[in-house]
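An overview of the molecular structure
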Amino acid sequence: MTFKHSCALVALMTGLAPAAYAEDLNALIWCDHADPELLEPFETAHDVRVNVKEYEGTAAGLTLLEQSRPGDWDVMVIDAVDVGRAVERGLLAPLPEGTAPTNEYFPEVRLDDHVTIDGTTYAAVEKFGYNTIAYNKSAVDPADMTSLAALWSGKYDGRIAIYDYYLPVLGLVGLNAGVATVDLDASAVESLRDPLMQLKAASKQVSDVVGSQTALATGEVDVLIGGGEWLTAVLNAENPDLDWTIPEEGGLLWAQSLAIVEGTEKPELAAEFIKYVTSPEGQARLATSSCYWGMPANKAAGDVLTEAQKGILRWDDQAEYLTRAQLYPVPDADTDAGMQDLWTDMLQN
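Report on the accompanying structure. Just so it is clear, the model here is predicted, and its values are computed rather than measured.

About the cut-offs
For every chain, the first residue of its written sequence is number 1, and the numbers climb from 1 along that sequence. Totals for whole chains, interfaces and linings use every residue, but because this is a predicted model, local features are given only for residues with pLDDT of at least 70 and side-chain atom pairs only at 80 or more, for both listing and counting. Only hydrogens and water are set aside; all other atoms, that is, all heavy atoms of the structure, feed into the side-chain values. Runs of H or I in DSSP of at least four residues are treated as helices and runs of E of at least two as strands, each being numbered from the N terminus. Radius of gyration here uses only the C-alpha atoms, and the compact-globule reference equals 2.2 Å multiplied by the residue count raised to the power 0.38. We call a residue buried when its accessible area falls under 20% of the maximum for its residue type, exposed when it is over 50%, and partly exposed in between, using a 1.4 Å probe and counting protein chains only. For the area figures, the Shrake-Rupley method with a 1.4 Å probe applies, and any residue is considered shielded solely by the protein chains shown. In this count, Lys and Arg are taken as positive residues and Asp and Glu as negative ones, while His and the chain termini are left out. Charged groups are reduced to one reference atom each: NZ for lysine, CZ for arginine, CG for aspartic acid, CD for glutamic acid. For helices, the fitted axis covers only the stretch in contact; all axes are lines through C-alpha atoms, and the angles between them, taken along N-to-C directions, range from 0 to 180 degrees. Note that the term roughly parallel is reserved for angles under 35 degrees, roughly antiparallel for angles over 145, roughly perpendicular for angles of 65 to 115, and oblique for everything else. The contact definition used throughout considers only heavy atoms, calling two residues in contact when any of these lie within 4.5 Å. Under the grouping applied here, Gly and all other residues not named as nonpolar or charged are polar, the nonpolar ones being Ala, Val, Leu, Ile, Met, Phe, Trp, Tyr, Cys and Pro and the charged ones Asp, Glu, Lys and Arg. For two strands to pair, DSSP has to find at least two bridges joining them. A 1.4 Å probe that fits but cannot get out identifies a cavity on a 1 Å grid over protein atoms alone, an open set with protein on both sides within 12 Å along at least five of seven lines counts as a pocket, and a residue lines either if it has an atom within 4 Å of a point. Grid points are joined across faces, edges and corners, and a volume is the space filled by probe spheres set on the points. Put simply, a disulfide is two cysteine sulfurs that come within 2.5 Å. Every case where a carboxyl oxygen of Asp or Glu lies within 4 Å of a side-chain nitrogen of Lys or Arg is listed as a salt bridge. Two aromatic rings, drawn from Phe, Tyr or Trp (for Trp, its six-membered ring), form a pair once their centres lie within 6.5 Å of each other, and the interplanar angle then sorts them: stacked below 30 degrees, edge-to-face above 60, tilted otherwise.

A few words on the overall build of the protein. Helices and strands together make up the secondary structure of the protein, namely 14 helices and 14 strands. For 349 residues, the compact-globule estimate of 2.2 N^0.38 gives 20 Å, and the protein sits close to it at 20 Å. Here the C-alpha coordinates of the protein stretch approximately 60 × 45 × 35 Å along the principal axes. A buried classification covers 55% of the 349 residues belonging to the protein. Counting only carbon and sulfur atoms, one obtains 47% of the accessible surface of the protein, whose full area is about 13700 Å². Within the protein, the 55 negative side-chain charges are centred at a point lying 3 Å from the centre of the 21 positive side-chain charges.

Below you can see the structure in the form of structure tokens.
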């Protein structure tokens with residue numbers, strides 16, 4: 001999803017909280033949490049103003065925290081697979097027991113191995129989806145989209161966009177090369193150089209979320225590698241021909257989580273916010289955010305979502321999709337540096 005995250009919907013912290021609110025909660029977020037439809041019920045119920053600031057990529061979020069004073073931030077959205085990195089730096093506080101109703105979750109997205117460190121839980125998964133292939137089914141042969149190899153076939157040269165986030169796209173390039181995401185170490189990353197450069201040569205553009213959505217919606221491109229339901233669902237009403245699939249090689253599972261920031265002066269209120277977002281109502285609102293859609297981690301949200309919304313999210317297909325998806329790569333420092341260097345080389349090529 002990082003899940004994925006330069007969006008137009010950004011609400012910056014301004015310090016101009018209306019006097020009508022008794023207190024403030026400061027949240028470092030992805031753009032789906034800036035939607036008033038999500039925030040207003042919590043603000044009203046708790047007499048609080050939620051001030052939000054969007055960031056892109058875990059590295060940027062951790063840098064923001066490290067450059068801030070204790071108490072500047074209360075809650076943070078973070079890729080579930082990156083919770084350990086934040087905990088190692090002492091940036092997240094333990095979640096109070098029972099904060100999230102994980103017994104109601106899709107079991108595959110609880111991700112206890114990533115959000116629980118040495119027996120202590122630091123984050124709750126809240127939303128998930130897939131980085132895979134998105135496409136315009138009126139402009140391409142949907143049968144071709146059942147394999148990642150179609151993007152290297154030459155048939156769609158000049159009609160492809162690459163989502164500008166190195167982790168999922170390198171993961172997908174690896175899947176096409178037969179490399180599982182767990183095996184993406186420094187040596188394996190370098191083996192992806194040639195196929196990545198070939199993909200860049202076949203592509204029209206590399207773009208962020210908004211640019212990718214625009215290009216696919218306007219017909220500038222017909223295929224997007226790295227896209228998925230998070231990109232096409234918000235455009236479904238305008239153009240139902242925009243679709244996505246998980247190819248035979250697999251797709252990448254993104255899972256975002258919500259955590260309490262170490263040093264917050266409002267731990268109880270921060271926990272209440274996480275309780276709200278992971279509740280059925282909060283999950284339904286988050287799943288259908290105006291910035292991007294995604295599957296709610298809490299299955300009980302299915303009782304709140306409409307049948308039409310569940311259809312767009314492909315609710316009934318999740319059991320099968322989850323068996324075919326691999327988690328984001330979780331690179332060590334050397335591998336991450338190699339991945340970023342390769343990505344920079346591709347952008348400059």
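What follows concerns the packing of helix 5 (residues 166–176) against helix 14 (residues 333–348). Interaxial distance between helix 5 and helix 14 falls to 10 Å at its minimum, and their mutual angle equals 90 degrees. Of the possible angle classes, the one that applies to helix 5 and helix 14 is roughly perpendicular. Along the contact surface, helix 5 presents Tyr 166, Leu 167, Val 169 and Leu 170, while helix 14 presents Asp 336, Met 339, Gln 340, Leu 342 and Trp 343. For the contact of helix 5 with helix 14, the per-class residue count stands at 7 nonpolar, 1 polar and 1 charged.

Of all 5 residues in strand 10 (residues 223–227), 5 are buried; the element is thus mostly enclosed. Bridge count between strand 7 (residues 123–136) and strand 10: 4 bridges; the pairing is antiparallel. Within the sheet, the bridge partner assigned to Ala 134 lies in strand 10 and is Leu 224. Judged from the 3 bridges that link them, strand 8 (residues 160–163) and strand 10 form a sheet pairing that is parallel. By the bridge assignment for strand 10, Ile 162 is matched with Ile 225.

Time to look at unusual backbone geometry. Even without being glycine, Asp 47 reaches a positive phi, approximately 55 degrees. When you line up the elements, Asp 47 lands in the loop between helix 1 (36–46) and strand 2 (48–54). A relative accessible area of 34% means that Asp 47 is categorised as partly exposed. Backbone geometry places Leu 111, a non-glycine residue, at a positive phi of 50 degrees.

Here the focus is the layout of surface pockets. Approximately 270 Å³ is the volume attributed to the largest pocket. What lines the largest pocket is a set of 16 residues, among which Glu 56, Gly 57, Tyr 165, Tyr 166 and Gln 340 lie closest to the centre. Of all the secondary-structure elements, those providing two or more residues to the lining of the largest pocket are helix 2 (58–66), helix 5 and helix 14. At 5 residues, the largest contribution of residues to the lining of the largest pocket is made by helix 14. Residue composition of the lining of the largest pocket, by class: 7 nonpolar, 4 polar and 5 charged.

Let's shift gears to the state of the cysteines. What the rule picks out here adds up to 1 disulfide. Disulfide pairing places Cys 31 opposite Cys 291 at an S-S distance of 1.9 Å. Around the S-S axis, the bridge from Cys 31 to Cys 291 shows a dihedral of about -65 degrees and counts as left-handed. Placement of the pair is Cys 31 in the loop between strand 1 (23–29) and helix 1 and Cys 291 in the loop between helix 11 (280–287) and strand 13 (295–296), with a sequence separation of 260 residues.

Time to look at the pattern of salt bridges. Scanning all chains against the criterion turns up 16 salt bridges. Of the charged contacts in the structure, one is a salt bridge between Arg 193 and Glu 190, with a shortest N-O distance of 2.7 Å. Residues joined in a network through salt bridges with shared partners are Glu 37, Glu 281 and Arg 285.

A separate point is the packing of aromatic side chains. Tallied over the full model, the rule gives 13 aromatic pairs. Ring centres of Phe 42 and Phe 273 lie 5.1 Å apart, and the angle between their planes is 75 degrees; on these two criteria the pair is classed as edge-to-face. With Phe 42 in helix 1 and Phe 273 in helix 10 (residues 267–277), this pair connects stretches of sequence that are 231 residues apart. Take Phe 42: its relative accessible area is 1%, and that puts it in the buried class.

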